[in-house]
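# Observations on the three-dimensional arrangement
Here is how the chains run, residue by residue.
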Amino acid sequence: MHSYLLLYAFRAIIVTLHCLSLLTNHLESPTTWFPQPILHLRMENVRISPWLNLLACALLFLIAEASYVPITYVQNAVAKGAVCLDGSPPAYHFDKGFGAGINNWLVAFEGGGWCNNVTTCLARKTNRLGSSKQMAKQIAFSGILSNRAMFNPDFYNWNRIKVRYCDGSSFTGDVEAVNPVTKLHFRGARIFAVVMEDLLAKGMKNARNAIISGCSAGGLTSVLHCDRFRALLPIGARVKCLSDAGYFINARDVTGAYHIQQYFSQIVTTHGSARNLPQSCTSRLSPKLCFFPQYLVSHIATPIFFVNAAYDSWQIKNILAPGVADPEGHWHSCKLDINNCSPDQLDLMQGFRTEFLRALTVLGNSSSKGMFIDSCYSHCQTEMQETWLRSDSPELKKTTIAKAVADWFYERSPFHQIDCPYPCNPTCHNRVLDPQDDHPGKNVTTKGTSDASATKSNFPKITNKAQWIELLCINRGIGGFLLTLVLMVIL
């Protein structure tokens, strides 16, 4: 995170230096961009102007770039044993609602894969996925967490919370004993409980509208805890669940083995998760199967919406073609960029899509269960501005994810759309992964850092608005700055 902040701070400095240079030039050689009264001021009376504009330009640039929200530690959780893998207190980021959204709540759970044994959990103890000591003190909110109406028109003024992930079990673990050697704490379910208790005390008990959401392992959290979340809130409140890239399916890998089933079974055993999985599932099936949404969603009473790619990049990498099933690395290039896949590999991926859609059939056609299933090669789309709501965001039936989710939530219209097969959708943002995210013989799941958020900092790309500010300030000097200020007020 610190390296990203330095990078963007440097860019902001460069932009403002450009502004200063142009402002100084304008003061020395006024142009039509200057208001006429300024032309008649004596230079000694306006020497401070470039510095004021320099500061304002930098502030505008940083404001447009992202909304940063500080961390909150749940300190009293330690006494209740509700702690991260290393024993540190759980944490979340809370951006308070305002205006008409003051009694509306969006609680998003962070993703970051899982750890399935002592070895992989120990590996997480020393990073943010296992210790709140290693978490960034503030993170950027974008997409469905944005506080700007132009980027998030239906939820921008809600109370928006990002719950940090440091237990490795999608908030389901609860093992009382702590090994004196490893000192690992498996307490994910307790973390969920204390965070909810904290938020209820801060006003969520009065919620009129509420959503539990999450991406990847956090998206699975919103499925597993959907009805539990609903039970905490007022009976008269509109409460729904949103799972982004959390519909993991129980499918064979390229060798025909059920690697993911074994992996999920190890997670449930290691964390003692069985007692915290939905009883509507565990009463019928083995707990290891109740980590898969396909076996429990038909019994979820609370309305729920699924945003997922039929060619989910994490599932292609770790369910269809995990490292253990591809020791020679034949899938390496394909998993990094779908454009590199051979015809045979694409055929297997089309087969995976068929299995994925079959697993979705349990949702039925009820309007209470919505879905936006695109044909993109992606993973997590609701918390990234470029895929949530932008002029070039993915669409189904000419509808963005932001509009589909909001229309469904407010019951303006149901949404239950499945995209045509790849590569039919030109609006897709297909991921091109960094080579370090995958290499021959590597099985990401066994490393305990199994999704994009496990290795990438929560830092958004430069927004359109920031680009406008940079362009106007650099190319149009003081006139551009004044125009930008007007745009910032309007937008």
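Our subject is the structure that appears above.
Residues numbered from 1 in each chain as written. Predicted model: local features only at pLDDT ≥ 70, side-chain atom pairs only at ≥ 80, totals over all residues. Heavy atoms only, no water.

Once that is clear, we can look at the state of the cysteines. When the sulfur atoms of two cysteines share a covalent bond, that bond is a disulfide. In this structure the tally under the stated criterion is 8 disulfides. The partner cysteine of C84 in its disulfide is C166, sulfur to sulfur 2.1 Å. Across the S-S bond of C84 and C166 the torsion is about -70 degrees, and the bridge reads as left-handed. Placement of C84 in the loop between β1 (67-73) and β2 (91-95) and of C166 in the loop between β5 (159-163) and α5 (188-201) is noted, with a sequence separation of 82 residues between them. The buried category is assigned to C84, whose relative accessible area is 0%. The buried category is assigned to C166, whose relative accessible area is 0%. Put simply, C215 and C380 are joined by a disulfide, and their sulfur atoms are 1.8 Å apart. Judged by the torsion about the S-S bond (75 degrees), the C215/C380 disulfide is right-handed. Taken together, the residues span a long stretch of sequence, with C215 in the loop between β6 (209-214) and α6 (217-224) and C380 in the loop between β9 (369-374) and α13 (385-388) at a distance of 165 residues. The burial state of C215 is the same as that of C380; both residues are buried. (Disulfide = S-S within 2.5 Å. Helix = DSSP H or I, 4+ residues; strand = E, 2+ residues; numbered from the N terminus. Buried < 20%, exposed > 50% of the residue type's maximum accessible area, 1.4 Å probe, protein only.)

On to the pairing of strand β7 (residues 238-244). Along β7, 6 of the 7 residues are buried, which leaves the element largely enclosed by surrounding structure. As judged from the 4 bridges shared by β6 and β7, these two strands associate in the parallel manner. Within β7, the position partnered with N209 by the bridge is R238. Two strands pair when backbone bridges link them, and β7 and strand β8 (residues 304-309) are joined in this way by 4 bridges, in the parallel orientation. By the bridge assignment, L242 is partnered in β8 with F305. (Pairing = 2+ DSSP bridges.)

We now examine the pattern of salt bridges. Per the counting criterion, the structure on display carries 13 salt bridges. E176 is the partner of R190 in a salt bridge, and the nearest nitrogen-oxygen pair spans 2.4 Å. With R190 in helix α5 and E176 in the loop between β5 and α5, this residue pair connects regions lying 14 residues apart in the sequence. Using a relative accessible area of 17% as the deciding quantity, one classes R190 as buried. The exposure class of E176 is exposed, given its relative accessible area of 57%. A salt bridge links D407 to K403; the shortest N-O distance between them is 2.5 Å. Highlighted residues: D407 and K403, both in helix α14 (residues 401-409), separated by 4 residues, approximately one helical turn. (Salt bridge = Lys/Arg side-chain N within 4 Å of Asp/Glu carboxyl O.)

Inspection of the secondary structure assignment puts D419 in the loop between β12 (416-418) and α15 (452-455). Buried within the structure, D419 lacks any salt-bridge partner; its nearest side chain of opposite charge belongs to R353, at an N-O separation of 6.9 Å. A distance of 3.0 Å separates a polar side-chain atom of D419 from the backbone nitrogen of S375. (Lys, Arg positive; Asp, Glu negative; His and termini not counted. Polar contact = N/O pair within 3.5 Å; in protein donor to acceptor, adjacent residues only side chain to side chain.)

We now examine the packing of aromatic side chains. Given two aromatic rings, one states the distance between the centres and the angle between the planes to describe the pair. Applying the stated criterion across every chain, the model contains 27 aromatic pairs. Where F248 meets F264, the ring centres are 6.4 Å apart and the plane angle is 85 degrees; that geometry is what we call edge-to-face. One end of the pair, F248, is in the loop between β7 and α8 (259-271); the other, F264, is in helix α8, and 16 residues separate them in sequence. Classification of F248 as buried rests on a relative accessible area of 0%. An aromatic cluster is defined as three or more aromatic residues linked by ring pairs; in this entry it consists of W114, F248, Y263, F264, F291, F292, Y295 and W314. The ring of W408 has K240 sitting right over it, with the charged end atom 4.7 Å from the ring centre. Here the guanidinium or amino end of K240 rests over the ring plane of F409, the centre of that ring lying 5.5 Å away. (Phe/Tyr/Trp six-rings, centres within 6.5 Å; stacked < 30°, edge-to-face > 60°. Lys NZ or Arg CZ within 6 Å of the ring centre and 35° of its normal.)

Before going further, it helps to spend a moment on the nonpolar core. Membership of the largest hydrophobic core comes to 81 residues, with the highest contact counts inside it found for W114, M204 and M349. Here the element with the most residues in this core is α5; it accounts for 7 residues. In terms of nonpolar packing, the next biggest core, distinct from the first, is built from 25 residues, L145, L396, W408 and F409 among them. (Core = buried A, V, L, I, M, F, W, Y, C linked by side-chain atoms within 4.5 Å.)

Let us now look at α6. A large share of α6 lies buried, amounting to 8 of its 8 residues. Of the residues making up α6, those classed as buried are A217, G218, G219, L220, T221, S222, V223 and L224. Of the surrounding secondary structure, the elements contacted by the buried residues of α6 are β3 (104-109), β6, α7 (226-232), β7 and β8. (Contact = heavy atoms within 4.5 Å.)

The quantities given are spatial measurements derived from coordinates; they are silent on function.
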